[in-house]
Amino acid sequence: MRIHTRNTPDHARTALAPRASSAAYGRGLLVATLAAGALGLAACSGGAASGSSGGATPTISIVEPTEGATVSQPFTLKVDSSVDFGATDTGKDHFHLTFDGNAQQYTVETKPEVMINSLSPGRHTIKVTLQHADHSPIGPEAQVNVTVANAGGGTTSTPAQGGGNGY
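Residues numbered from 1 in each chain as written. Predicted model: local features only at pLDDT ≥ 70, side-chain atom pairs only at ≥ 80, totals over all residues. Heavy atoms only, no water.

**Student:** What am I meant to see in the environment of G122 here?
**Tutor:** Positionally, G122 belongs in strand β7 (residues 122-131). The partly exposed category is assigned to G122, whose relative accessible area is 24%. Each C-alpha atom, one on G122 and one on A149, is 6.6 Å from the other, the two residues being 27 residues apart in sequence. Discounting chain neighbours no more than four positions away, the residues touching G122 are V146, T147 and V148. (Helix = DSSP H or I, 4+ residues; strand = E, 2+ residues; numbered from the N terminus. Buried < 20%, exposed > 50% of the residue type's maximum accessible area, 1.4 Å probe, protein only. Contact = heavy atoms within 4.5 Å.)

Set out below in structure tokens:
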């Protein structure tokens, strides 16, 4: 076995890698590496959505009534969501409730249960869309088709007139 050695004079080695700053260079490299790793983690996490989704993709679904159900009024609409609902002035998310594809008329709902008693008899599509406190859409939505067997009395959930941006 042959071992090769390098016969480099000390002054040449000193010119290539100064001894006095090698420890400082190593510490600087470590700090730079840790900072880059922290930035990478921050970039991967993205911005957390408002509410309690904790950065995960928020969800919303209609639990009740089920798809194709026949309901008698009044009936309760129950939704399930991965975010906490609250009034818009709290900064928490809410959902918009619309009927029969009419996105211009909606109600702002801040609780997971809503009493419905203002639909005419017949088939209706009920849709919920998850919204930020400023009424901007988060993305998730759900809908269900139901048949109302009788007319309701009163208007517990009357859709509000919506503007182009949800006001």
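**Student:** Sorry, what's going on with the packing of aromatic side chains here?
**Tutor:** The relative placement of two aromatic rings is captured by the distance of their centres and the angle of their planes. Tallied over the full model, the rule gives 1 aromatic pair. Consider the rings of F85 and F95, whose centres lie 5.3 Å apart with planes at 55°: the pair is tilted. Of the two residues, F85 sits in the loop between β3 (75-81) and β4 (94-99) while F95 sits in strand β4, which places them 10 residues apart along the sequence. You'll find F85 and F95 in the same group, each marked buried. (Phe/Tyr/Trp six-rings, centres within 6.5 Å; stacked < 30°, edge-to-face > 60°.)

**Student:** I keep staring at the pairing of strand β6 (residues 113-116) and nothing clicks. Help me out?
**Tutor:** Only one face of β6 is buried: it carries V114 and I116, and the other face, with E113 and M115, is open. Judged from the 4 bridges that link them, β3 and β6 form a sheet pairing that is antiparallel. In the strand pairing of β6, F75 is matched with I116. (Pairing = 2+ DSSP bridges.)

**Student:** Mind showing me how you'd approach the pattern of salt bridges here?
**Tutor:** Opposite charge on two side chains makes pairing possible when the charged atoms of those side chains draw close. Here the structure, examined in full by the defined rule, presents 2 salt bridges. In this structure, E64 engages K78 in a salt bridge whose closest nitrogen and oxygen atoms are separated by 3.8 Å. Placement of E64 in strand β1 (residues 60-64) and of K78 in strand β3 is noted, with a sequence separation of 14 residues between them. By relative accessible area, E64 is classed as partly exposed at 35%. (Salt bridge = Lys/Arg side-chain N within 4 Å of Asp/Glu carboxyl O.)

**Student:** Sorry, what's going on with the environment of G86 here?
**Tutor:** On the secondary structure map, G86 appears in the loop between β3 and β4. We classify G86 as buried; its relative accessible area is 9%. Separated by 23 residues in sequence, G86 and E109 have C-alpha atoms that sit 8.5 Å apart.

**Student:** Would you explain the side chain of Q73 in this entry?
**Tutor:** For Q73, the location among the structural elements is in the loop between β2 (70-71) and β3. Here the side chain of Q73 touches S118 through a polar contact of 3.0 Å, landing on its backbone nitrogen. Within polar-contact distance, the side chain of Q73 engages the backbone oxygen of L119 at 2.4 Å. (Polar contact = N/O pair within 3.5 Å; in protein donor to acceptor, adjacent residues only side chain to side chain.)

**Student:** Explanation requested: the sheet that holds β1 in the structure shown.
**Tutor:** Sheets are built from strands paired through backbone hydrogen bonds, the pairs being either parallel or antiparallel. Spatial strand order, β1-β3-β6: 3 strands in an open sheet with antiparallel pairing. One side of each edge strand has no neighbouring strand; the edge strands of this open sheet are β1 and β6. Between one strand and the next, the sheet's axes are offset by a mean angle of 30°, whatever the strand orientation. As judged from the 4 bridges shared by β1 and β3, these two strands associate in the antiparallel manner. Each residue of the ladder has a partner; that of E64, found in β3, is K78. (Axes fitted to C-alpha atoms, helices over the stretch in contact; angles between N-to-C directions.)

**Student:** Is there a simple way to think about the nonpolar core in this case?
**Tutor:** Within soluble globular proteins, side chains that are nonpolar generally end up buried alongside one another. Ranked by size, the top nonpolar core spans 22 residues in total, and within it L77, F95, L97, I116, I126 and V128 carry the most contacts. Breaking this core down by element, the ones donating at least two residues are β1, β3, β4, β6, β7 and β8 (137-148). (Core = buried A, V, L, I, M, F, W, Y, C linked by side-chain atoms within 4.5 Å.)

**Student:** When you look at unusual backbone geometry in this model, what are you seeing that I'm missing?
**Tutor:** Across residues other than glycine, the phi torsion is negative in most instances, and most of the peptide bonds are trans. For the peptide bond that leads from E64 to P65, omega is 0°, which places it in the cis range. Its location among the elements puts P65 in the loop between β1 and β2. Residue P74 is reached from Q73 by a cis peptide bond, and omega for that bond is 0°. Relative to the assigned elements, P74 resides in the loop between β2 and β3.

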